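# Observations on chain architecture
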Amino acid sequence: MTKDEQALLDWVIAEGGELRVTISRDEAGVRGLYTTQPVKKGEVIVSIPQHIVLSVKNVAAAEASPQLLKEIHSPCSRLRPYLDTLPGPDGVLTAYNWPEEYIKYLADPAMEEQLKNSFKLHARNTWLGHNDDEMEVTIPEAIGRKNITLKEWEHVVSLLSSRTFSIRKGALSLVPVLDLVNHDVRDINQLGNSSTVDLVAGKDLAAGEQVTITYGSMRNDELLMYYGFVDTVTEPPRLFSVDHRDFKLYEANPLSDSPLEGPPEVLRTELARLRGILTAFEARLDGLGPIPDTQPYVASLLRDAHDRRRRALHAEIGRLEQQLQGASGSGGEEL
């Protein structure tokens with residue numbers, strides 16, 4: 001644990017917080033929270049006072065980020081011990097600050113469209129002042145005459161978008177210490193919000209065990225865009241949202257994990273669609289060539305994402321093939 005991290009924990013306790021955790025890192029060097037003592041199911045693991053929480057309006061991250069920017073640039077910020085532990089530019093990755101040279105290696109037109117013409121374009125337009133009429137606080141209002149580069153701005157937007165909790169209606173909240181909790185899709189620990197923001201154990205935890213929560217039922221392309229990692233637990237991997245039969249660009253449609261059912265012609269149509277996606281994906285990767293290692297973490301993440309996407313497609317194609325073969329074997333139409 002670094003000096004700044006220890007200062008953060010000391011500050012939270014001095015402000016009335018309760019902690020049964022410490023900050024440490026796993027074998028891969030990923031920072032997280034680990035219990036300092038056994039915790040029983042239903043007990044509070046972390047309790048954070050509301051007065052050290054930074055809440056902003058629940059709007060697009062680029063429009064809410066000037067309030068975080070103001071705190072970062074204020075030497076007298078009430079949140080200074082917390083701000084000093086936020087990751088630097090190389091410690092956070094989202095679609096907002098995704099490196100330009102790696103955009104094409106997403107290897108999917110819809111994902112590239114979302115990243116360039118939604119996330120990054122909105123951040124840039126906000127930085128240029130084009131969205132000032134929609135904002136409660138503008139960048140100049142937040143930092144005065146100081147200048148901020150687009151790269152610095154994308155970093156701040158990425159911090160806000162990837163570290164906030166929806167614990168109150170209409171607000172996004174940065175909660176010191178709790179924003180260090182890593183994602184595990186299997187997790188059952190629960191966040192509660194009253195006079196304090198609490199993390200309650202969903203099961204018994206041993207001393208030294210990593211404390212996690214689930215960030216929600218997000219697919220790997222969504223995790224990649226919003227948080228800069230992929231789910232390496234779920235097997236077989238879930239289809240990327242862009243590969244789902246109900247996906248529509250820029251439409252927030254619920255995407256079911258229920259297997260497709262229907263007559264053979266419906267299953268064959270879906271099978272052909274997924275085979276076409278896989279063929280186009282592999283052809284795009286072949287055309288791009290090896291991913292450059294200019295930024296090793298991004299390159300490694302993309303390789304993992306490609307592997308998860310490929311295996312998800314193969315798994316669903318295989319399931320549909322078996323379903324059609326079963327229908328043929330029971331007197332249905334031929335595959």
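Not measured: the values here are computed from a predicted model.

### Overview of the domain arrangement of the protein
Per the domain assignment, the segments of the protein are domain 1 (3-93 + 130-213) and domain 2 (220-329). Here domain 1 and domain 2 have C-alpha centroids that lie 32 Å from each other. Counting residues at the interface gives five residues for domain 1 and eleven residues for domain 2. Summed over both sides, the interface of domain 1 with domain 2 buries roughly 650 Å², with 68% coming from carbon and sulfur. In this structure, the connection of domain 1 to domain 2 is made through zero salt bridges. Scanning the region where domain 1 abuts domain 2 turns up one residue pair in polar contact (both at pLDDT 80 or more).

### Overview of the side chain of threonine 138
With respect to the secondary-structure elements, threonine 138 resides in the loop between α4 (109-127) and α5 (139-143). The contact partners of threonine 138, leaving out residues within four places of it in the chain, are Pro66 and Asp132.

### Overview of the pairing of strand β11 (residues 210-213)
Looking at chain direction, strand β3 (residues 31-35) and β11 are connected through two bridges and run antiparallel. Its bridge partner lying in β11, tyrosine 34 is registered against glutamine 210. Bridge count for strand β8 (residues 182-183) against β11 is two bridges, and the pairing is parallel. Bridged to asparagine 182 within β11 is threonine 212.

### Regarding the sheet that holds strand β5 (residues 54-57)
Overall, antiparallel pairing links the three strands, which are arranged β5-β7-β6 in an open sheet. Edge strands, defined here as strands with exactly one partner in the open sheet, are β5 and β6 (164-168). Strand-to-strand twist across the sheet, computed as the mean angle between neighbouring axes with direction ignored, equals 40°. In this sheet, strand β7 (residues 171-174) lies alongside β6 in antiparallel orientation, the contact comprising three bridges.

### Section: the nonpolar core
Within the largest apolar cluster, 91 residues are counted, with the highest numbers of intra-cluster contacts made by Ile48, Trp98 and Val177. Both domains that furnish three or more residues to this core are identified here as domain 1 (3-93 + 130-213) and domain 2 (220-329). When near neighbours in sequence (up to four residues on either side) are disregarded, tryptophan 98 contacts Leu93, Ile103, Leu106, Leu115, Lys120, Leu224, Val298, Leu301 and Leu302.

### A closer look at the packing of α4 against helix α7 (residues 220-227)
Two elements in contact, α4 and α7, have axes separated by 12 Å at closest approach and are oriented at 30°. Between α4 and α7, the angle falls in the class roughly parallel. By crossing handedness, the relation of α4 to α7 is classed as right-handed. Each of Met111, Gln114, Leu115 and Phe119 in α4 lies in contact with α7, whose residues at this interface are Asp221, Leu224, Met225 and Tyr226. Per-class residue counts for the contact of α4 with α7 are six nonpolar, one polar and one charged.

### Side note on the sheet that holds strand β9 (residues 190-193)
Across the sheet, which stays open at both edges, the four strands sit in the order β1-β4-β10-β9 with antiparallel pairing between neighbours. Whereas interior strands pair on both sides, the edge strands pair on one side only; in this sheet they are β1 (18-19) and β9. As defined by bridge partners, β1 adjoins strand β4 (residues 44-49) across two bridges and the pair is classed as antiparallel. The partner of glutamate 18 across the bridge, within β4, is serine 47.

### Concerning the packing of aromatic side chains
Centre-to-centre distance and the angle between the planes together describe a pair of aromatic rings. One pass over the full model with this rule turns up six aromatic pairs. Taking 6.3 Å as the distance between ring centres and 55° as the angle between the ring planes, the aromatic pair formed by tyrosine 102 and tyrosine 105 counts as tilted. The pair formed by tyrosine 102 and tyrosine 105 is uniform in burial state, with each residue classed as buried. Measuring from ring centre to ring centre gives 6.0 Å for tyrosine 215 and phenylalanine 229, while their planes differ by 65°; the resulting arrangement is edge-to-face. Residue tyrosine 215 is found in the loop between β11 and α7, and its partner phenylalanine 229 is found in the loop between α7 and α8 (264-288); the two are separated by 14 residues along the sequence. Residue phenylalanine 229 is classed as partly exposed on the basis of its relative accessible area, which comes to 21%.

### Remarks on helix α2 (residues 61-73)
Each α-helix winds once per 3.6 residues, and so residues spaced three or four apart point in a common direction. Compared with an ideal rise of 1.5 Å per residue, which puts 13 residues at 18 Å, α2 spans 18 Å between its outermost C-alpha atoms and is within 8% of the ideal. By the largest-angle criterion, glutamine 67 marks the main kink of α2, which is about 30°. Within α2, the full set of buried residues consists of Ala61, Ala62, Glu63, Ala64, Ser65, Pro66, Leu68, Leu69 and Glu71. Turning to α2, the residues buried within the fold contact β5, α3 (80-83), α4, α5, α6 (150-163) and β7.

### Here's the deal with the environment of valine 59
By the element assignment, valine 59 lies in the loop between β5 and α2. Between the C-alpha atoms of valine 59 and leucine 172, which are 113 residues apart in sequence, the distance is 8.3 Å.

### Looking at unusual backbone geometry
Keep in mind that most residues, glycine aside, have a negative phi and that most peptide bonds are trans. Cis geometry marks the peptide bond from glutamate 235 to proline 236, where omega comes out at -10°. Look at alanine 107: it is not a glycine, yet its phi comes out positive at around 60°. Relative to the helices and strands, alanine 107 is located in the loop between α3 and α4. For tyrosine 250, which is not glycine, the phi torsion reads 65° and is therefore positive. Examined against the element boundaries, tyrosine 250 turns out to sit in the loop between α7 and α8. Classification of tyrosine 250 as partly exposed rests on a relative accessible area of 49%.

About the criteria used
- Residues numbered from 1 in each chain as written.
- Predicted model: local features only at pLDDT ≥ 70, side-chain atom pairs only at ≥ 80, totals over all residues.
- Heavy atoms only, no water.
- Domains from an automatic or database assignment.
- Contact = heavy atoms within 4.5 Å.
- Buried area = accessible area lost by both parts, 1.4 Å probe.
- Salt bridge = Lys/Arg side-chain N within 4 Å of Asp/Glu carboxyl O.
- Polar contact = N/O pair within 3.5 Å; in protein donor to acceptor, adjacent residues only side chain to side chain.
- Helix = DSSP H or I, 4+ residues; strand = E, 2+ residues; numbered from the N terminus.
- Pairing = 2+ DSSP bridges.
- Axes fitted to C-alpha atoms, helices over the stretch in contact; angles between N-to-C directions.
- Core = buried A, V, L, I, M, F, W, Y, C linked by side-chain atoms within 4.5 Å.
- Buried < 20%, exposed > 50% of the residue type's maximum accessible area, 1.4 Å probe, protein only.
- Parallel < 35°, antiparallel > 145°, perpendicular 65-115°, else oblique.
- Left-handed = near helix turned anticlockwise from the far one by under 90°.
- Nonpolar A, V, L, I, M, F, W, Y, C, P; charged D, E, K, R; others polar.
- Phe/Tyr/Trp six-rings, centres within 6.5 Å; stacked < 30°, edge-to-face > 60°.
- Expected span 1.5 Å × (residues − 1).
- Bend = angle between axes of the 7 residues up to and from the residue.

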